[in-house]
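A look at the structure
Listed here are the chains, written in short residue letters.
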Amino acid sequence: MKDRVVKTMKSMLLFLILLGVVSGRRTQLLEGLPATSTVEENSAAGVSVYSFNVTVSPLASGVAVLPTIVNSNPLTEAFDIESKGGLEFRVITTGNPVLDYETMPKSFDLQIFVEDTTGRTDLNTLTIQVIDKNEHPVFRGNVAIQTVTIYVLEGTPPGRIYQVDAADPENERLKYSLLPATVPFSIRESGAIFSTKEFDYEKDPHCYFLNITVTDPDGLNSTKTVTINIININDERPYFTTKQRIYRIPEEQSPGTIVANITAKDPDDEDSPSRLFYSIQSSDSRLSINPATGVLQVSGRIDRDALPLRLHPNISLLVRVEDGPSSGHAADMEITVVIDDVNDNPPECHPSDFRKEVNENTTPGTFLVDLRNYCKDIDVDPSNNQFSFTGLSGFGSNNFALESTVSGRLVMTGTIDLENPANPGIEVYTLTVRVQDAAHPNYSNIIYIYIRIKPVNEFAPVFHNLSYVFSVSEITKVGSSIGRVHAVDKDWPPNAITYSIVAGAGNRDYTNIFWISPTKGDVRILARLDYETTQKHIFTVQASDQEKSTTASVTVNVLEVNDEEPVCSPSFFSLQIPVDLAVGTNINGFRIECQDRDSDPRSFCYFINEGNENSHFIFSPSAGSNTSRLILASRFDYEGGLDTNWIYSLRVHITDDNLISAREKMTHLIKTGTVTLSIRVIPNPTTATTTTPGFTVVTERENLFSPSAWYVPFTITAGSALLLGLLGYLGLLLLARLRTHRTALINAPEKKKPKKEVVMTMTKINTVFDGEARDPVTGRMYEFSTRSGARRWKKSSEPLQPMLAMQVMPSAKENSGQGVDRAEAPSKKEPSEKKKELTAATKPAAKPQQGNQKHQAPLG
């Protein structure tokens, strides 16, 4: 990876160099280059090849890029540049790779680059030629790496005994020589070594050391040593001196145990120690013989109890003695080794551990297992393969016994009841039995017997209580735990108990109101409880151990909690009142009626939470009743600027905490109902903002109905005619009367006509009428939709009778507190009264204010 990065950087540097050359900024900075130099092959690292200087331009402060070999041809890393001090540099060898004239290129072109601090660059070439150097000849083959030993048999005729191989790196012709010159050996130009005589082991030296030298034409040489040993030849047959032919050993002797010492002699070696070679000709790995000493010894395991020795306990061997390692004279002798049996095997059982399963309360004397059927001793001799069973032990072993030490039959002796308090509660009994040899050294093994007492399901689960009673608040969250049932199983170990609901726990709305944890018995609610609907739930739970089961009754008492909000009627209402309505007046006779499913009618409190600017409105009574009336608490003051709002949106809160003490309110749950009222204040005709009495503004919307307001254009036309006819009179009268009192314009009475049913056509598209209001003209109640604005008359048996607005005079203080709700419907009046009304109707009305151009037709 490092080499790849270096090559990449060099490539980039070469690109920048070429770019600088092309741009014309190259100048002569490298003194002494281009040049040609030489270096010997095999030069070590750091050998100086060529030195040069760097001359920077006058404006440069130094060298920005030191001289660098940016490229070589052919590519190599055998050279580098190092500084000699100042601006002097030299090219040196790196030693990696070592230059070799015979295998590498003979010449290298190095491109050297330098750049000074002004950005001027120079690129020149140094050609390095590798010079051949004469090297020492090199031996090849075994002679090059070790001292070669050559064996020559005595009596061998003279001839070629070895070939020496050498080479010259310069491929020059080599010359071989041999020292000392007195030895009976010679060497040819080809490097072949020849013996010059037939050797006699008894007369000639047994060993020769030859120095072989190879020399090149320039006198460089290399020397190696060759050793020549003369081997003696025997011509007489050896013979055995041991007379015994049968040997006896016990089995299982350790390797190296001596069985016999076989001896022999060679007549050729009478005057010196014999050099004989012993061997076993038959194939048997259990015994071996020392080839030099003839000692017969154990080399492998000898098992008398395994085949083939189990049937034939003899080992026959053919021993050979030779006076030479390969082709000498030899003699053979057959010997027999008898193997004796020993008690070397313990009795063994397969398997060595037994697993039995017995039901609890099993009858004493029940047979469990016969151990002898699974145990044996493989020793061959009957005296060595007898064994017995002893030492039954283990926690709880008093419940078991062996019938006899010979039979090995294990039986129950006691009754094990897992539920008995005296029972230790052990499900698995671990017993041990020793199986032991009868003969010395009494080898033994341990048998493990695992007896699992299988529980019997004798008892059904039992609940702690026959019935459970839980008291739960009706506002408990769905999913909450309300209690736990618990059952126990007297069986040991206890069986896993599963809980379930088997009856009840539902109603007409929900199949399951309750849920029980199958494993823990926790009872949880799945649906919201409601005291007002059901005060008590009874259901049956079951505990089962998969085989037997029992049941218990669960009663859930629902505790009443104040969780119901007061519900009031109407929940939304629109009212219209005159600006001069008397304080203390029940506005339009409006009242609200409230109900609460879980509160006493006396528990209600009424207060206006939002929209009651300047506190003009109150409810009476404010608490202690399920009905309350809307009362005007203070007069409106628009002229003085105290009041500016003509429409009041009141949000009335009704709480159910009237019967709760202040301390209980800190912890008691309080619910709040809401009623929304819209109150429009109708100004007097003489005020800046006037509304013609007798009709209201109606905004028509889609899906609404409204009866034809036939009297609106009639009234406008009649009023216009009267105004044009009496313009002068009315002007003078108006200027005089404005300073003394204010008058209200009252509609002229309509001509009495037969009652007519107003046919109202309405397209009903799922309109929901969720509010009520009183028409200020007719006094009748109507319903309206808060979403679409649609209106309709409320069903009533009262006839459709318009109400006449009362004329309010400034001087009539006793009538200043009367509102629209106090005006009575017109009846049969006296002529004098009718005349007064006609007179009042002929008085001019004040000009309506700009922006109040839309007039509403009365709903009647």
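Residues numbered from 1 in each chain as written. Predicted model: local features only at pLDDT ≥ 70, side-chain atom pairs only at ≥ 80, totals over all residues. Heavy atoms only, no water.

Turning to the overall build of the protein chain, a few remarks are in order. What the protein chain contains, in helices and strands, is five helices and 55 strands. Considering only intrachain contacts with a sequence separation of at least 6, the fraction spanning at least 24 residues in the protein chain is 67%. Accessible surface computed for the protein chain: about 48700 Å², of which carbon and sulfur atoms make up 52%. (Helix = DSSP H or I, 4+ residues; strand = E, 2+ residues; numbered from the N terminus. Contact = heavy atoms within 4.5 Å. Areas by Shrake-Rupley, 256 points an atom, 1.4 Å probe, with all protein chains shown as cover.)

This brings us to the state of the cysteines. Following the criterion strictly, the structure yields two disulfides and no others. Sulfur-sulfur distance for the disulfide between C568 and C594 comes to 2.0 Å. Looking down the S-S bond of the C568 and C594 bridge, the torsion is 105°, so its handedness is right-handed. With C568 in strand 45 (residues 567-569) and C594 in strand 47 (residues 586-595), this pair connects stretches of sequence that are 26 residues apart. Relative accessible area serves as the criterion here: at 2%, C594 is assigned to the buried category. By sequence-ordered numbering of the bonded cysteines, the protein chain has its disulfides arranged as 1-2, 3-4. (Disulfide = S-S within 2.5 Å. Buried < 20%, exposed > 50% of the residue type's maximum accessible area, 1.4 Å probe, protein only.)

Across the sheet, four strands lie side by side as 37-44-43-40; this open sheet has mixed pairing. For this open sheet the edge positions go to strand 37 (467-473) and strand 40 (498-503), each flanked by a neighbour on one side alone. Ignoring strand direction, the axes of neighbouring strands in this sheet form an average angle of 30°. Of the strand pairs in this sheet, strand 40 and strand 43 (residues 536-544) are connected by five bridges, and their pairing is antiparallel. Counterpart to T498 in the pairing with strand 43 is S544. (Pairing = 2+ DSSP bridges. Axes fitted to C-alpha atoms, helices over the stretch in contact; angles between N-to-C directions.)

Attention now moves to the environment of N445. As for its placement among the helices and strands, N445 is situated in strand 35 (residues 444-454). The class for N445 is partly exposed, based on a relative accessible area of 28%. With 97 residues separating them in the primary sequence, N445 and E348 have C-alpha atoms 6.7 Å apart. Leave out the neighbours within four places in its chain, and N445 touches P346, P347, E348, V433, R434 and V435. Within the structure, N445 has its side chain in polar contact with the backbone oxygen of P347 (distance 2.9 Å). (Polar contact = N/O pair within 3.5 Å; in protein donor to acceptor, adjacent residues only side chain to side chain.)

A few words on the nonpolar core. Grouped together as the largest cluster of nonpolar side chains are 32 residues, with contacts concentrated most on F617, F619, L630, F636, I654 and L677. Looking at this core, the elements with two or more residues in it are strand 46 (572-578), strand 47, strand 48 (605-610), strand 49 (617-620), strand 50 (627-632), strand 51 (647-655), strand 52 (672-682) and strand 54 (781-784). Dropping the residues within four chain positions of it, F617 is found in contact with I577, I587, I608, N612, L630, I631, L632, A633, F636, Y648, L650 and I679. Counting 25 residues, the second largest nonpolar core, distinct from the first, contains A260, L276, I289 and I335. (Core = buried A, V, L, I, M, F, W, Y, C linked by side-chain atoms within 4.5 Å.)

As judged from the five bridges shared by strand 13 (residues 175-179) and strand 16 (residues 207-215), these two strands associate in the antiparallel manner. Opposite K175, over in strand 16, you have T215 as the bridge partner. Of the pairings in the sheet, the one linking strand 16 to strand 17 (residues 221-231) comprises nine bridges and is antiparallel in character. By the bridge assignment for strand 17, F209 is matched with T227. Joining the antiparallel neighbours strand 16 and strand 17 is a turn of five residues, in which G219 adopts a positive phi near 95°.

The next thing to look at is the pattern of salt bridges. All chains considered together, the criterion is met by 16 salt bridges. Here R320 ties to D332 by a salt bridge, and the two come within 2.7 Å at their closest N and O atoms. With R320 in strand 25 (residues 314-322) and D332 in strand 26 (residues 330-340), this pair connects stretches of sequence that are twelve residues apart. The salt bridge partner of R651 is E610, with a shortest N-O separation of 3.8 Å. Here the residue R651 occupies a position in strand 51, and E610 occupies one in strand 48, the gap between them amounting to 41 residues. Each member of the salt-bridge network shares a partner with another, and the members are E252, R301 and D303. (Salt bridge = Lys/Arg side-chain N within 4 Å of Asp/Glu carboxyl O.)

Trans is the prevailing form of peptide bonds, just as negative phi is the prevailing case for residues other than glycine. Residues N96 and P97 are joined by a peptide bond in cis, for which omega reads 5°. Looking at where P97 falls in the secondary structure, it is placed in the loop between strand 6 (88-93) and strand 7 (107-116). The residue after H440, namely P441, is reached through a cis peptide bond having omega 10°. Residue placement: P441 occurs in the loop between strand 34 (428-437) and strand 35. Of note, the phi angle at E252 is positive, near 60°, even though the residue is not glycine. Positionally, E252 belongs in the loop between strand 19 (246-250) and strand 20 (258-261). When its relative accessible area of 29% is taken as the criterion, E252 is described as partly exposed. The phi angle at Q546 is positive, at roughly 80°, despite the residue not being glycine. Within the secondary structure, Q546 sits in the loop between strand 43 and strand 44 (549-559). For Q546, a relative accessible area of 61% translates into the label exposed.

Looking at the protein chain as a whole, its pLDDT mean stands at 79, while 80% of the residues score no less than 70. Between residues 742-765, whose pLDDT stays under 50, and residues either more than four places distant or in other chains, the model counts 49 contacts. Within the model, pLDDT remains below 50 along residues 797-860, and this stretch shows 115 contacts once partners closer than five positions in the same chain are excluded. (pLDDT = per-residue confidence, 0-100.)

In this section: the environment of M781. For M781, the position within the fold is in strand 54. Residues within four places of M781 in sequence aside, it is in contact with F573, E772, A773, R774, W793 and K794.

This part takes up the sheet that holds strand 32 (residues 400-402). Pairing in this open sheet of three strands is antiparallel, and the strands run 29-33-32 from one edge to the other. Each edge of the sheet is formed by a strand with only one pairing partner; in this case those strands are strand 29 (367-370) and strand 32. On average, each strand axis in the sheet is inclined to that of its neighbour by 20°, with strand direction left out of account. Bridge count for strand 32 against strand 33 (residues 409-412) is three bridges, and the pairing is antiparallel. Looking at strand 33, one finds that F400 is bridged to M412.

Here we come to the packing of aromatic side chains. Within the structure shown, the criterion is met by 20 aromatic pairs. Ring geometry for F387 versus F389: centroids 5.8 Å apart, planes at 85°, classification edge-to-face. A relative accessible area of 12% places F387 in the buried class. Ring geometry for Y638 against W646: centres 3.7 Å apart, planes inclined by 5°, an arrangement best described as stacked. Residue classification places Y638 among the buried residues on the basis of a relative accessible area of 16%. On the basis of relative accessible area, W646 is assigned to the partly exposed category, the value being 26%. Among the aromatic side chains, those forming a connected cluster through ring pairs are F617, F636, Y638, W646 and Y648. Over the face of the ring belonging to Y101 we find K106, whose NZ or CZ atom lies 4.9 Å from the ring centre. (Phe/Tyr/Trp six-rings, centres within 6.5 Å; stacked < 30°, edge-to-face > 60°. Lys NZ or Arg CZ within 6 Å of the ring centre and 35° of its normal.)

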